[in-house]
Amino acid sequence: MPFRIWILLLLTHQLVSTVYSATQCQSHKHEPHLLCRMCGHEIAKGSSIIRKKSSMALSSFNLTVMNNDCLVQLFENGVPEQFDVFTVTQADLALSGKPTTALSWFPGYAWTAALCPKCGVHLGWRFEANVIDSRSGRVVKDSFDGLVLDFLLSEEYSNSLTKVPKLSW
Ligand SMILES: [Zn+2]
């Protein structure tokens, strides 16, 4: 085979490989998640963070979590224990026990303890309430999850700094 053609084939192969690996990267790219600090399970997308302000919070501060504006509120339970809590629309959690409105940090909302579905460690609470939809006037179920800041890890943080891979088994 003439040398020029050989070089051309080699360059073409490299170009195809580069385009192929770029496509592969894109297809594997997924939105960063908040992980269970104990086992690395994906608990919630960064984009699911919402600001649910509560009058029961002892104090609060703003934090940027994976480019999302995050409201962190300090709450105290009956024990008493204190938790820095932020809220998401919905997380991947295993609920434990029955919902109760007793001592709820979000008045009108019943809470249920929420655990990591993989390792069972406590991560936060699900809050649920029947509310009247402002558009339709109908009663609809509203729910969101409160997660304890210290019990979670940002996926970006774990990848870039600790280089701890996501655990999967
Ligand atoms: Zn876990």
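Calculation rules
- Residues numbered from 1 in each chain as written.
- Predicted model: local features only at pLDDT ≥ 70, side-chain atom pairs only at ≥ 80, totals over all residues.
- Helix = DSSP H or I, 4+ residues; strand = E, 2+ residues; numbered from the N terminus.
- Buried ≥ 20, exposed ≤ 12 C-beta atoms within 10 Å, placed from the backbone.
- Contact = placed C-beta atoms within 7 Å.
- Pairing = 2+ DSSP bridges.
- Axes fitted to C-alpha atoms, helices over the stretch in contact; angles between N-to-C directions.
- pLDDT = per-residue confidence, 0-100.

The name given to the protein in an unreviewed UniProt entry is CULT domain-containing protein, with Plectus sambesii as the source organism.

**Quick notes on the overall build of the protein**
Of regular secondary structure, the protein possesses 2 helices and 11 strands. Per-residue burial over the protein gives 20% buried out of 169 residues. Looking at the protein alone, contacts between residues at least 24 apart form 45% of all its contacts between residues at least 6 apart.

**Overview of the sheet that holds strand 1 (residues 33-36)**
Taken in spatial order, the 3 strands line up as 2-1-11 in an open sheet, and their pairing is antiparallel. Strands with a single pairing partner mark the edges of an open sheet, and in this sheet they are strand 2 (42-45) and strand 11 (152-154). Direction aside, the axes of adjacent strands within the sheet are offset by 30° on average. Pairing of strand 1 with strand 11 involves 3 bridges; the strand directions are antiparallel. Paired with Leu 34 across the bridge in strand 11 is Ser 154.

**Concerning the environment of Asn 68**
Tracing the backbone through its elements, the reader meets Asn 68 in strand 5 (residues 68-76). For the pair Asn 68 and Ser 48, spaced 20 residues apart in the sequence, the C-alpha separation amounts to 9.0 Å. Discounting residues that sit within four places of it in the chain, Asn 68 has contacts with Gly 46, Ser 47 and Ile 49.

**Describing the environment of Pro 32**
Locating Pro 32 in the fold gives a position in the loop between helix 1 (3-28) and strand 1. Distance from Pro 32 to Ala 44, taken between C-alpha atoms, is 8.8 Å for residues 12 residues apart in sequence. The contacts of Pro 32, once residues within four sequence positions are left out, are Gly 46, Met 66, Ser 154, Glu 155 and Glu 156.

**Observations concerning the pairing of strand 8 (residues 110-115)**
Bridge analysis of strand 7 (residues 94-100) against strand 8 gives 4 bridges, and the strand direction is antiparallel. Bridged to Ser 96 within strand 8 is Ala 113. As paired elements, strand 8 and strand 9 (residues 122-132) share 6 bridges and run antiparallel to each other. Considered in strand 9, the bridge of Ala 110 is made with Glu 128. Connecting strand 8 to the next strand, strand 9, in antiparallel fashion are 6 residues, including Gly 120 with a positive phi near 80°.

**Remarks on the confidence of the model for the protein**
For the protein, mean pLDDT is 84; residues scoring 70 or higher make up 75% of the total. For the stretch residues 15-27, pLDDT sits under 50, and the model shows 0 contacts to residues farther than four places along the chain or on other chains. Counted against residues more than four places away or in other chains, residues 160-164, with its pLDDT under 50, gives 1 contact.

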